[in-house]
Amino acid sequence: MRTLVLKNFRDLRAQKWQFLAVTFLVFLGVSLFTGLYSSYLNIKATYEKFYSETNFEDFGLFVNPAPKRLLEKIRRIHGVEAVVGRITAYGTVEVGGKEIMVKLVSIPRENSKVNSIYIVEGVYPKGNEALILKKFSDRYGISIGEKLNLRVGNRTYTLRVSGTACSPEYVLIWDMSKRSGVLFVPYNVMEKITGLKGKVTEVHVKVYSDVDEVMSKVENIFKPYGIKKAYKKKDQPGYKLLRMDLKGFEHTALMFPSMLIIIAALATYVMLSRVVMGQMNVIAVLRAIGYSKTDVILHYLTYPVLIGVVGTVAGIFAGYWISSAMTSSYVDVLNLPYYVSKIYPNVTLVSVSIGMLAPIIAGSFTVKSVAEVEPAVAMKGIAVERTIGVKFERFSIMTRMAIKNVLRNPKRTVYTVLGLAMGVVLVGTSLALIDSVNEMMHVQFDKINGYDFKVECSNVKGIRALNDVKEAYPIVETWIVFERNGITEESTLIGLPVQDLYNIYDLKGRRHFPPPKGIILPEYLAKKLGVSKGEVIKAFTKVGVVRFEVYDIFPQPLFPACYANIDQLERMGFKPNYVIVKGGNENELKRFGRVTSIKDVRKDVEEMMSMMNEFFAFSVLFGVTLASAMIFNTVTINIMERRREIATLRMLGYTVREIGESILIETFILGFFGILLGFPMVLGVLKFFETTYEGEIFKMPFVIYPQTYALTTAIIIATVLLSLLPGMRYISRMKIEKVTKEVTG
Amino acid sequence: MVEKEVAMLRFEGVWKVYRMGRVDVVALRDVSLEVGEGEFVVVLGPSGSGKTTMLNIAGGIDRPTRGRVFFKDLEISSFDEKGLTDFRRNHVGFVFQFFNLVPTLTAKENVQLAAELVDDPMDVDEVLEMVGLKHRANHFPFEMSGGEQQRVAIARALVKRPDIILGDEPTGNLDFETGKKVLKVMKEINEKMGTTFLIVTHNTAISRIADKIIHFRDGRVFGVEINSNPIDPEELSW
Ligand SMILES: Nc1ncnc2c1ncn2[C@@H]1O[C@H](COP(=O)(O)OP(=O)(O)OP(=O)(O)O)[C@@H](O)[C@H]1O
Ligand SMILES: [Mg+2]
């Protein structure tokens, strides 16, 4: 059998590009699966490790200032493992001459047993010291030992940085106004800063028995003081967002590689059936000499096995490399001190099985069917060509040939069109996701937020009187808890006058105005509460229990909120607590209260999105690679399969150019259908993302800009043309005499 | 009468019918023939008379529709797939009309391909020398002429030390001189090594080198001629 093995290698060498292209597809599928899925597991493991090491809470309460001694009462409740109370406040610190907003969070004298602070560097703070979030320190280059000038209201304090830290409550800071600045300050210092002596405004609890039971007991304790918000672990905003994102990640990690593996299997099937068909006579000879059916099957199975082994082994290595790079860059965006990157035997096992089995199974179909053929029949060649009868005398001979080739091998045509469609899906979806991110930024910062600053104060007149302020309006922004049939749902209530700085949009991009009366609810909330238009709903707010008529319900992009008219809210007893300003100057505005600059927020968000865009750019590249591998494969097979026909045409006097034209026309026909099929698939994938990433804290608008269609089409066509080159080169350099002599039957 | 020696190959009332939709094409009708050990037999007949069909059945790559085929005392027409493969492997050497070499293997490797199938093959270089191609051992098929390729095919058939070599128009594609060279190689092997040859052709001239000539027409054996005085291929002309 040595010579048969030799033949394997010779055949491989003779058709190395085709084999490489197919192997590459397997490689892509396996590496993507290994990479994405183990990234998913890494990220999950990272969260789990961090949340468990820092004793993440089982539930939390945001309350009006209540005595700290109540914590003792909570500790005595059966089932409570640990409890921590906090006071929080906002302030600014001066870094490099710039005032940066920070959130101040109190921490007990000793690290708590729930929501523990994870110290990355330095020590737990004592006296006038504070720990700062690791990312915050990295970003502004604040080092340990440095003194921070803190301003809260109109008083100033000096805090020494005792170290950098991470906290399970602030893994993902999704509220744009909070930014990355969190300072963990000893409780007694916070008492002084806030003036809330012996009080707490947040309670975080870890339990070892039933959460609901303990939670309701704790709620009872704080009821007299007023509970702003109560949530369970799964509803903690950062945790929830991460879990959602992780779910989407898992879907992606399964969907894209599966599609690729299917494509790889198809490619193996098509390529191998070409190879085997082309060697019909060789098979007949082998059988006539005395090689058995099994010998022949094993001989040809070597190819898919080799494709599988090489693609899989390389894919697994590349996959783990991708996974470690991906995990680290994903975790980099978050406030986490470390990441877990492991090798998962189960993932490897799955990769090995699909990476090997897909080509082998696909390959065995053709190999087996051919080995079944009787040598006496094979000797005569089974040139069963089926052409679908179409009249096309109107076209030139070259066009006719192109059309005939498309119709000649329907299976291959379908495979190529599917492969091209896949390329369109990858390229188109990635570009569309970039569009979606841009659209999101556009909706948030050009449409919804038309103002430049948001100032925490109620002095509209004072602000309007400032020189370069163009417009300023008071707004209400506060918490609200709805209750209906025993279901409570917490949200944000925003009261607006009719103006153009803070606008309400629905997911379709239609603008809405503050209702004359009643309240606008985001669709998800209305669904949860089971409430419909025109009904009246009860809610707890700052000003006590209120009732609203539901004026309208629609899905909202990005950060859904409940909107009402500010006049109505004022009549109910709410006081405007922010002023939105167009124009003006940050430093002057600061005199009125805490200022949030939209420009800064936008910059922060864009920074966060840049990683996403990198990822999408990577998938565009990936799509291009995939499309070229596919197209290259078909074109090469097409040419190799017809090299005798092409040689004959050239002998007859057709020029390389004319033959090339025919192949070009053929490829364009395939490309046209691939693109036609691809775009609906892109829309399907986007729809899928839309349902996967359906969130209540965050809803991304998925869009495709018209120019993206054009760009995708251009990319695919360019890819097609590039992958045609080697085939064209082959034709032009083809030795006609050599081809005609190769004849084996 | 003395009991007749068992023939190397014997067809007994062999039929081959191809079913083409509603039409039956009868390729062989009631063919009976014998090829004795060490004989050089030529089958003559016009195109479409069933020669190739007969040869394929003789070599165990096709099966009769009806009738029996014996190789020595083995009834190969009753063999299963595996039995036929073993039969081909151990007893038969094929030389086809078209060259049927593996294009990605050199001359020597093509011969090796067959040598590896049996326990006691001839020396590959020696066989190539016998067909006069030692100097082309490392050439690929596309680097050789048609006659050279055909001689490689003979070497490949020979290397297994088969009992019988079946040739389907082995000179059909070759010019006169080259054809003669190929026939000479076969005849020499037949004489020196005693290998039985069954050659199919429509070229009547070739029959003059045979010990026995079987005439085919319309799928039937039309007549059998014994040539008591076969000539040397050198003396052939057509
Ligand atoms: N697979 C097949 N299906 C249908 N008919 C067949 C098949 N193979 C051969 N035939 C028919 O059987 C008959 C005998 O064919 P065969 O190939 O044996 O002829 P031949 O004597 O070898 O001819 P030639 O000298 O042209 O090679 C012919 O009529 C042919 O058309
Ligand atoms: Mg024939």
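Student: Help me understand the sheet that holds strand β8 (residues 196-201) of chain B in this model?
Tutor: One key point about sheets: their strands pair by backbone hydrogen bonds, in either a parallel or an antiparallel sense. All names here are of chain B. Strand order in the open sheet formed by six strands is β6-β7-β8-β3-β9-β10, and the pairing between neighbours is mixed. One side of each edge strand has no neighbouring strand; the edge strands of this open sheet are β6 (92-95) and β10 (220-226). Strand-to-strand twist of the sheet, defined as the mean angle between neighbouring strand axes without regard to direction, takes the value 15°. Across five bridges, strand β3 (residues 40-44) lies against β8 in parallel orientation. In the strand pairing of β8, Val 42 is matched with Ile 199. In the packing of helix α1 (residues 51-58) onto the sheet, the strands contacted are β3, β6, β7 (164-168), β8 and β9 (212-217), and the crossing angle to β8 comes to about 155°.

Student: Just to check I follow, could you spell out the pairing of strand β13 (residues 469-484) of chain A for this structure?
Tutor: Across a regular strand the side chains alternate sides, sitting on one face of the sheet and then on the other. All names here are of chain A. The buried count for β13 comes to twelve of 16 residues, which makes it a mostly enclosed element. Relative to strand β21 (residues 578-583), β13 runs antiparallel, the two sharing six bridges. Across the sheet, the residue bridging to Val 469 is Gly 583, located in β21. What sits between the antiparallel neighbours β13 and strand β14 (residues 487-496) is a turn of two residues, in which Asn 485 has the positive phi angle 45°. As defined by bridge partners, β13 adjoins strand β18 (residues 536-541) across three bridges and the pair is classed as antiparallel. Counterpart to Glu 483 in the pairing with β18 is Lys 538.

Student: Help me out: how do you make sense of the interface of chain A and chain B in this one?
Tutor: How big an interface is tends to be stated in terms of the accessible area lost upon association of its parts. Residue-level contacts link 30 residues of chain A with 30 residues of chain B. At the boundary of chain A with chain B, the tally comes to four salt bridges. For A:Asp295, the salt bridge goes to B:Arg89, with nearest N and O atoms at 3.3 Å. Across the contact surface, chain A and chain B share eleven residue pairs in polar contact (both at pLDDT 80 or more). Secondary structure elements with two or more residues in the side of chain A that touches chain B: α1 (2-14), α8 (280-289), α9 (293-333), α11 (375-380) and α22 (736-741) of chain A. Here the residues of the side of chain A that touches chain B sort into twelve nonpolar, six polar and twelve charged.

Student: Would you mind showing me how to read the sheet that holds strand β1 (residues 9-20) of chain B here?
Tutor: Residue and element names in this part refer to chain B. On the basis of which strands lie adjacent, the open sheet formed by four strands has the order β2-β1-β4-β5 and antiparallel pairing. Whereas interior strands pair on both sides, the edge strands pair on one side only; in this sheet they are β2 (23-35) and β5 (74-75). Strand direction decides the pairing type here: β1 and strand β4 (residues 66-71), joined by five bridges, are antiparallel. Pairing of Leu 9 across the sheet is with Phe 71, part of β4. Helix-sheet contacts for α1 involve β1, β2 and β4, and the interaxial angle to β1 is about 120°.

Student: Looking at this model, I keep getting lost on the packing of aromatic side chains. Mind explaining?
Tutor: A ring pair, where both rings are aromatic, is described by two values, the distance of the centres and the angle of the planes. Taken as a whole and judged by the stated rule, the model has 24 aromatic pairs over all chains. Measuring from ring centre to ring centre gives 5.2 Å for A:Phe136 and A:Tyr140, while their planes differ by 65°; the resulting arrangement is edge-to-face. Separated by four residues within a single helix, A:Phe136 and A:Tyr140 lie in helix α4 (residues 134-140), roughly one turn from each other. Here the aromatic cluster, defined as three or more aromatic residues joined through ring pairs, consists of A:Tyr47, A:Phe50, A:Tyr51, A:Phe56, A:Tyr118, A:Tyr239 and A:Tyr338. The ring of A:Phe62 has A:Lys229 sitting right over it, with the charged end atom 5.0 Å from the ring centre. Over the face of the ring belonging to B:Phe222 we find B:Arg217, whose NZ or CZ atom lies 4.2 Å from the ring centre.

Student: Explain the pairing of β8(B) here, please?
Tutor: Residues and elements named next belong to chain B. Burial analysis of β8 places six of its six residues in the buried class, the great majority of the element. Of the two faces of β8, the one carrying Thr 196, Leu 198 and Val 200 and the one carrying Phe 197, Ile 199 and Thr 201 are both buried. Examined bridge by bridge, β7 and β8 share five bridges and lie parallel to one another. When the sheet's bridge partners are listed, Ile 164 is paired in β8 with Thr 196. Each parallel crossover has a hand, and the one from β7 via helix α6 (residues 176-193) to β8 is right-handed.

Student: Before we go on, may I ask you to explain the side chain of B:Asp62 in this structure?
Tutor: Mapping B:Asp62 onto the fold places it in the loop between α1 and β4. Among the polar contacts made by the side chain of B:Asp62, one reaches the side chain of B:Lys16 at a distance of 3.2 Å. When near neighbours in sequence (up to four residues on either side) are disregarded, B:Asp62 contacts A:Ala376, B:Lys16, B:Tyr18, B:Asn56 and B:Ile57.

Student: What's the story with the packing of helix α5 (residues 146-158) of chain B against α6(B) in this structure? I'm lost.
Tutor: In helix packing, the relevant descriptors are the interaxial angle and the interaxial distance, both defined with respect to the helix axes. All names here are of chain B. Between α5 and α6, the shortest axis-to-axis distance is 9 Å and the interhelical angle comes to 15°. Between α5 and α6, the angle is such that the two are roughly parallel. When you trace α5 past α6, the crossing you get is right-handed. Together, Gly 147, Gln 150, Arg 151, Ile 154 and Leu 158 of α5 and Thr 178, Lys 181, Val 182, Val 185, Met 186 and Ile 189 of α6 make up the contact between the two elements. Residues belonging to the contact of α5 with α6 are distributed by class as follows: six nonpolar, three polar and two charged.

Student: Teacher, can you tell me more about the confidence of the model for chain A here?
Tutor: When pLDDT is low, close inspection of the predicted coordinates is not appropriate. Counting all residues, the mean pLDDT for chain A is 84, and 91% of those residues have values of 70 or more. Every residue in residues 381-390 of chain A is under pLDDT 50, and counting partners more than four places away or in other chains gives nine contacts.

Student: I would appreciate a short explanation of helix α2 (residues 16-53) of chain A in the present structure.
Tutor: Residues spaced three or four apart along an α-helix face the same direction, because each turn holds 3.6 residues. Residue and element names in this part refer to chain A. In this model, α2 (38 residues) spans 52 Å end to end at C-alpha, consistent with the 56 Å of a helix rising 1.5 Å per residue. With respect to burial, α2 is a largely interior element, 27 of its 38 residues being buried. Positive backbone phi, at 50°, marks Asn 55, one or two positions downstream of α2.

Rules used throughout
Residues numbered from 1 in each chain as written. Chains lettered and ligands numbered in written order. Predicted model: local features only at pLDDT ≥ 70, side-chain atom pairs only at ≥ 80, totals over all residues. Heavy atoms only, no water. Pairing = 2+ DSSP bridges. Helix = DSSP H or I, 4+ residues; strand = E, 2+ residues; numbered from the N terminus. Axes fitted to C-alpha atoms, helices over the stretch in contact; angles between N-to-C directions. Contact = heavy atoms within 4.5 Å. Buried < 20%, exposed > 50% of the residue type's maximum accessible area, 1.4 Å probe, protein only. Salt bridge = Lys/Arg side-chain N within 4 Å of Asp/Glu carboxyl O. Polar contact = N/O pair within 3.5 Å; in protein donor to acceptor, adjacent residues only side chain to side chain. Nonpolar A, V, L, I, M, F, W, Y, C, P; charged D, E, K, R; others polar. Phe/Tyr/Trp six-rings, centres within 6.5 Å; stacked < 30°, edge-to-face > 60°. Lys NZ or Arg CZ within 6 Å of the ring centre and 35° of its normal. Right-handed = clockwise from strand over helix to strand, strands pointing away. Parallel < 35°, antiparallel > 145°, perpendicular 65-115°, else oblique. Left-handed = near helix turned anticlockwise from the far one by under 90°. pLDDT = per-residue confidence, 0-100. Expected span 1.5 Å × (residues − 1).

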